[in-house]
Protein chains: 2
Amino acid sequence: MKTMLTDKQVSLFSELLKRDNFCIVMHKSPDGDTIGSSFALLSALKKMGKNAQIVCSDEVPPQMRFISDGIDVFDLQFEPETVVSVDIASQTLFGEKYAYLSEKVDFAIDHHFSNTFYAKETILCDKMSSAGEVMFHLFKSAGIEFDDYIAKKLYTAISFDSGCFRFSNTSPETHLAAAELLRYDFDASAINTKMFDCASLAQLKIESDALNSVRQYKDNQITMVTVRYAQVEKLGVNENELGGLTAITRRVAGTVVGITVREKSDGEIRISLRSQQEAPLADFDVSKVAAKFGGGGHVRAAGLSMRCSVEEAEQKILEAVIEEWDRLYDNPCK
Amino acid sequence: MKTMLTDKQVSLFSELLKRDNFCIVMHKSPDGDTIGSSFALLSALKKMGKNAQIVCSDEVPPQMRFISDGIDVFDLQFEPETVVSVDIASQTLFGEKYAYLSEKVDFAIDHHFSNTFYAKETILCDKMSSAGEVMFHLFKSAGIEFDDYIAKKLYTAISFDSGCFRFSNTSPETHLAAAELLRYDFDASAINTKMFDCASLAQLKIESDALNSVRQYKDNQITMVTVRYAQVEKLGVNENELGGLTAITRRVAGTVVGITVREKSDGEIRISLRSQQEAPLADFDVSKVAAKFGGGGHVRAAGLSMRCSVEEAEQKILEAVIEEWDRLYDNPCK
């Protein structure tokens, strides 16, 4: 496989490996990529006889602990000499507890286009699917041999961020990395089941409730779902387990614009907007709609908050989406 | 990439390519693998100037028609000289309409371990994820060049049968094939969304209903769901769109044995059993339980039918599962 790294990146990683007493920082709300990549790096450094630790501002959610070897809380064990951030695009993503480390990062290893270059040195491969894929190439460039453990962590990171090779960030090189890692001994299928196919019964029931609330407009191309706090409370679901709801409208075949309205425990109404379509429709830019309410995001995924009743929020957001819809698709003067 | 085929398989495919006036047979209830692989073969044969057609006993379901280029019904157009079955393990899988072709198959191209060798010549690669992966290697062995269209069809077939590279049939070679195919111009992400992330609203609502019926036993390790015909009828779901329900218990975290009870329009009660577990639990063989009721299947997926009330069926199957459970896991004499 040809190297996917620049000479500069290779030499930066080789500089990193000369250092010692590492603190590897994962981003807040840790996910499969930041955890898998950090654990792979930790293991590689320890095998080289280095002193290394991982920290994270937030607790690892229960369903991700199989990636963090069962560990939930990561605190500083010793005063670090070398701070390495993994999969962290900007300083705000360090989270509260370890925000101060964001000023002292020696090396950032990342794949986000939006990386703000907060570190002294940044190894950024923004064409790669995941920090795991970056780490895979860095290890190869440095002659770090994979073993079953490292291969499993890197595979987990790559699979997580590529949605099990389904998202458009998956390149031929992503598959080549997976092919090489799968030659080691670990149960990839079990990992993917845990990451992508499992949810607590309570989470699944909240999804059911959301689906039962579906209303559709514009020939079923606009799909809106609503989740009230009373339902969340009744099922005893933790609010941080509700991330999957933002994508639920995408599962309804034919949906071009999806609206998820969620009432939070503090009364705030959180609205997620998603869009997807194929030619010949022009892209529906949901971030434009979100911006009208002080929110933001990207063309196909955006979010905003309101302080009002659920009904009022539904009405306001629907009106704004339909207004943009009519401007884009129903304008007879176009 | 090293060839994954035997010399015999390579020479059989080269024999096939010398023939003409092909009829390519897809299996009944056509899926992404049989359709994608058959269309790839059709296109390759036509590019070679051959006369070729595809047939299938069943209609292609709406959600699969993006793979069959929008075609729903495949009928015999001309009297074939060469019959090729694709992804068909046994003669019963030809379906009713084209059952007679199952006696005249010149070449079977398949990846099912259970292939019954009904064809004159069989190209069987039972270590491969999919007929698409077999076809990929056959094309390479014969020097058939991929193009965007063929690459898209083969990728679709492979991704479908490997569950988007998530099932345990995914090997390093599966990823290598995907890597090569992804270098062609098609939208893999859109294909995966259509195959894995989309369902009609009615299907999603039936899933919701199923999840709301969940009952759990043995510390939530046995999960049972029930779908009554009245619900299916109310939502206007076609019975052939309910295939996804058999796997729904697997989505509930912690489930070791899943039981799906479904009442059909004719009053038959169809029961699907699934098992999954990691060490240290021994495998729960659901086919053993199914066999008690005249059903069958594999260790981790089996099915059976009953003629009785829904309640009676639920009680009988639950008792049988719990009996096997106690024998395996709760036996103090073990």
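Reading the values: the criteria
- Residues numbered from 1 in each chain as written.
- Chains lettered and ligands numbered in written order.
- Predicted model: local features only at pLDDT ≥ 70, side-chain atom pairs only at ≥ 80, totals over all residues.
- Helix = DSSP H or I, 4+ residues; strand = E, 2+ residues; numbered from the N terminus.
- Rg over C-alpha atoms; globule rule 2.2 N^0.38 Å.
- Buried ≥ 20, exposed ≤ 12 C-beta atoms within 10 Å, placed from the backbone.
- Contact = placed C-beta atoms within 7 Å.
- Domains from an automatic or database assignment.
- Pairing = 2+ DSSP bridges.
- Least-squares fit on C-alpha atoms with pLDDT ≥ 70 in both.
- Axes fitted to C-alpha atoms, helices over the stretch in contact; angles between N-to-C directions.
- Parallel < 35°, antiparallel > 145°, perpendicular 65-115°, else oblique.
- Left-handed = near helix turned anticlockwise from the far one by under 90°.
- Right-handed = clockwise from strand over helix to strand, strands pointing away.
- Nonpolar A, V, L, I, M, F, W, Y, C, P; charged D, E, K, R; others polar.
- Core = buried A, V, L, I, M, F, W, Y, C linked by C-beta atoms within 7 Å.

(A) Looking closely at the overall build of chain A. In terms of helices and strands, chain A carries 10 helices and 11 strands. At 22 Å, chain A has a C-alpha radius of gyration in line with the 20 Å of a compact globule built from 334 residues. Overall, the C-alpha framework of chain A stretches about 65 × 45 × 40 Å when taken along its three principal axes. Taking all 334 residues of chain A together, 45% fall into the buried category. Taking contacts inside chain A between residues at least 6 apart in sequence as the whole, the part at least 24 apart equals 63%.

(B) A look at the domain arrangement of chain A. Taken as a whole, chain A is organised into domain 1 (7–196) and domain 2 (201–329). The centre of domain 1 of chain A, based on its C-alpha atoms, is set 31 Å off from the matching centre of domain 2 of chain A.

(C) Looking closely at the pairing of strand β8 (residues 257–263) of chain B. All names here are of chain B. Among the 7 residues of β8, 6 are classified as buried, and the element is accordingly described as predominantly covered. Pairing of strand β7 (residues 222–227) with β8 involves 6 bridges; the strand directions are parallel. For I222, the partnering residue across the bridge sits in β8 and is V257. The sheet contact formed by β8 and strand β9 (residues 269–275) spans 7 bridges and is antiparallel. Its bridge partner lying in β9, V261 is registered against I271. Following β8, the chain reverses through 5 residues before pairing antiparallel with β9; G267 in that reversal takes a positive phi of roughly 90°.

(D) Examining the relation of the copies chain A and chain B more closely. Mapping chain A onto chain B calls for a screw motion: a turn of 180° about the axis and a shift of 0.0 Å along it, with 0.2 Å RMSD after fitting. The superposition of one copy onto the other is thereby described by a two-fold rotation axis. The C-alpha atom lying nearest the rotation axis in chain A is that of S208 of chain A; the distance is 2.2 Å. Mapped onto chain B, 100% of the interface residues of chain A are again interface residues, and the two copies thus contact each other with one and the same surface.

(E) Fine view of the environment of R250 of chain A. Among the structural elements, R250 of chain A can be located in the loop between α8 (229–235) and β8 (257–263). What makes R250 of chain A partly exposed here is the crowd of 19 C-beta atoms within 10 Å. Remark: the alpha-carbon pair of R250 of chain A and G297 of chain A, spanning 47 residues in sequence, is separated by 17 Å. Look past the residues within four positions of R250 of chain A in its chain and what remains in contact with it is T255, G258, R274 and Q276 of chain A together with D197 of chain B.

(F) Structural context of the environment of S11 of chain B. Residues and elements named next belong to chain B. For S11, the position within the fold is in helix α1 (residues 7–18). Classification of S11 by C-beta neighbours within 10 Å gives exposed; the count is 12. Through-space distance from the C-alpha of S11 to that of S141 is 9.2 Å; in sequence the pair is 130 residues apart.

(G) Region of interest: unusual backbone geometry. All names here are of chain A. You will see that D69, though not glycine, has its phi angle at about 55°, which is positive. One can find D69 in the loop between β2 (52–55) and β3 (82–86). On the basis of neighbour counts, which here come to 12 C-beta atoms within 10 Å, the residue D69 falls in the exposed class.

(H) Looking closely at the packing of helix α4 (residues 148–161) of chain A against helix α6 (residues 188–197) of chain A. Residues and elements named next belong to chain A. Two elements in contact, α4 and α6, have axes whose closest approach is 11 Å; the angle formed by their N-to-C orientations is 40°. The angle between α4 and α6 places the two elements in the oblique class. As α4 packs across α6, the resulting crossing turns out to be right-handed. Together, Y155, T156, S159 and F160 of α4 and A188, I191, N192 and M195 of α6 make up the contact between the two elements.

(I) Inspection of the pairing of strand β1 (residues 22–25) of chain A at higher detail. All names here are of chain A. Burial along β1 is two-sided: the face carrying F22 and I24 and the face carrying C23 and V25 are both buried. Where β1 and β3 come together, 4 bridges link them in parallel fashion. In the sheet register, C23 faces β3, and the bridge partner there is V83. For β1 and β2, the ladder comprises 4 bridges, and the chain directions are parallel. When the bridges of β2 are listed, V25 appears paired with V55. Since β1 and β2 lie parallel, the crossover through helix α2 (residues 32–47) that links them has a hand, and here it is right-handed.

(J) Highlighting the interface of chain A and chain B. With 35 residues of chain A at the interface, the matching set in chain B holds 35 residues. Each residue belonging to the side of chain A that touches chain B can be placed in one class, and the counts come to 19 nonpolar, 9 polar and 7 charged.

(K) Broad picture of helix α3 (residues 131–141) of chain B. Residues and elements named next belong to chain B. Within α3, 8 of the 11 residues are buried, which leaves the element mostly enclosed by the surrounding structure. When we look at burial in α3, the residues that qualify are A131, G132, E133, V134, M135, F136, H137 and L138. With its phi angle positive at about 70°, G143 sits one or two positions after the end of α3.

(L) Highlighting the nonpolar core. Core analysis: the biggest nonpolar cluster contains 127 residues, and I24, V25 and L154 of chain A together with I24, V25 and L154 of chain B have the highest contact counts within it. Ignoring sequence-local partners within four residues, the contact set of I24 of chain A consists of S38, L41, L42, A52, I54, V84 and V86 of chain A.

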